[in-house]
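As a plain string of letters, each chain reads:
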Amino acid sequence: MDIFRVVDSRNSLLCLSGVYDHEYIYNPFIREHKKLPNCNELDVNEVVYGFGFHPATNEYTVIKISYYPHVYYVPWCFHKSVKYGYPLSEVHVFSLKSYTWRKLRGIILQTS
């Protein structure tokens, strides 16, 4: 594994964030880790993570909020000069049980 930071822990599992925007779930007792699949549709600028456990469903989840605080220019559309004049954000939730990300739609994040 690369250099990483500990996002949070639940029931002996660690949620880790890698330097290059990779997320991992790590079990230090058996020394195994799983790299989570990529979920971002856009290049990441700022990211905030959360890690939780839902006892009723016995499910671990990772919440990833990706935020683009500046005017975003789409790099693959130079000929069109596509731009958005507002901050963009994406919120994704990863389920360790189904091993999939889902994007939460209709969430607008504002900063001061």
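Structure first, text after, so check above.
Residues numbered from 1 in each chain as written. Predicted model: local features only at pLDDT ≥ 70, side-chain atom pairs only at ≥ 80, totals over all residues. Heavy atoms only, no water.

Moving on, we get to the overall build of the chain. Scanning the chain from terminus to terminus reveals zero helices and ten strands. The order of helices and strands in the chain, counted from the N terminus, is β-β-β-β-β-β-β-β-β-β. A total of 112 residues make up the chain; the buried ones form 31% of that total. Excluding contacts between residues fewer than 6 apart, the proportion of contacts in the chain whose partners are at least 24 apart in sequence is 41%. Put simply, the chain shows about 7700 Å² of open surface, and 54% of that area lies on carbon and sulfur atoms. (Helix = DSSP H or I, 4+ residues; strand = E, 2+ residues; numbered from the N terminus. Buried < 20%, exposed > 50% of the residue type's maximum accessible area, 1.4 Å probe, protein only. Contact = heavy atoms within 4.5 Å. Areas by Shrake-Rupley, 256 points an atom, 1.4 Å probe, with all protein chains shown as cover.)

A few words on the nonpolar core. If you look at the biggest cluster of nonpolar residues, it comprises twelve residues: Val7, Leu13, Cys15, Ile25, Leu36, Cys39, Tyr49, Phe51, Tyr60, Val62, Phe94 and Trp101. Among the secondary structure elements, those contributing two or more residues to this core are strand S2 (13-18), strand S5 (46-54) and strand S6 (59-68). Excluding anything up to four places from it in sequence, Phe94 contacts Leu36, Pro37, Tyr60, Thr61, Val62, Tyr99, Thr100 and Trp101. (Core = buried A, V, L, I, M, F, W, Y, C linked by side-chain atoms within 4.5 Å.)

Here we take up the pattern of salt bridges. Charged atoms that come close allow side chains of opposite charge to pair. Considering all chains together, one arrives at three salt bridges under this definition. Residue Glu90 pairs with Lys103 through a salt bridge whose shortest N-O separation is 3.8 Å. With a gap of 13 residues between them, Glu90 in strand S9 (residues 88-95) and Lys103 in strand S10 (residues 100-104) connect regions that are remote in the sequence. Classification of Lys103 by relative accessible area gives partly exposed; the value is 25%. (Salt bridge = Lys/Arg side-chain N within 4 Å of Asp/Glu carboxyl O.)

Before going further, it helps to spend a moment on the packing of aromatic side chains. Counted by the stated rule, this structure contains four aromatic pairs. Seen from their ring centres, Phe51 and Tyr60 are 6.0 Å apart, and the 15 degrees between their planes marks the pair as stacked. You can call Phe51 buried: its relative accessible area is 5%. When its relative accessible area of 17% is taken as the criterion, Tyr60 is described as buried. Judged by centre distance (4.6 Å) and plane angle (45 degrees), the ring pair of Phe53 and Tyr60 falls under tilted. Put simply, the rings of Phe51, Phe53 and Tyr60 touch in pairs and so form one group of aromatic residues. (Phe/Tyr/Trp six-rings, centres within 6.5 Å; stacked < 30°, edge-to-face > 60°.)

Turning our eyes to something else, we now look at the sheet that holds strand S4 (residues 32-35). Taken in spatial order, the four strands line up as S1-S2-S3-S4 in an open sheet, and their pairing is antiparallel. In this open sheet, the two edge strands, each paired with only one partner strand, are strand S1 (4-10) and S4. For this sheet, the mean angle separating the axes of adjacent strands, direction not counted, is 25 degrees. Sheet analysis places S2 next to strand S3 (residues 23-27), joined by four bridges and oriented antiparallel. Residue Cys15 lies in a different strand from S3, and its bridge partner there is Ile25. (Pairing = 2+ DSSP bridges. Axes fitted to C-alpha atoms, helices over the stretch in contact; angles between N-to-C directions.)

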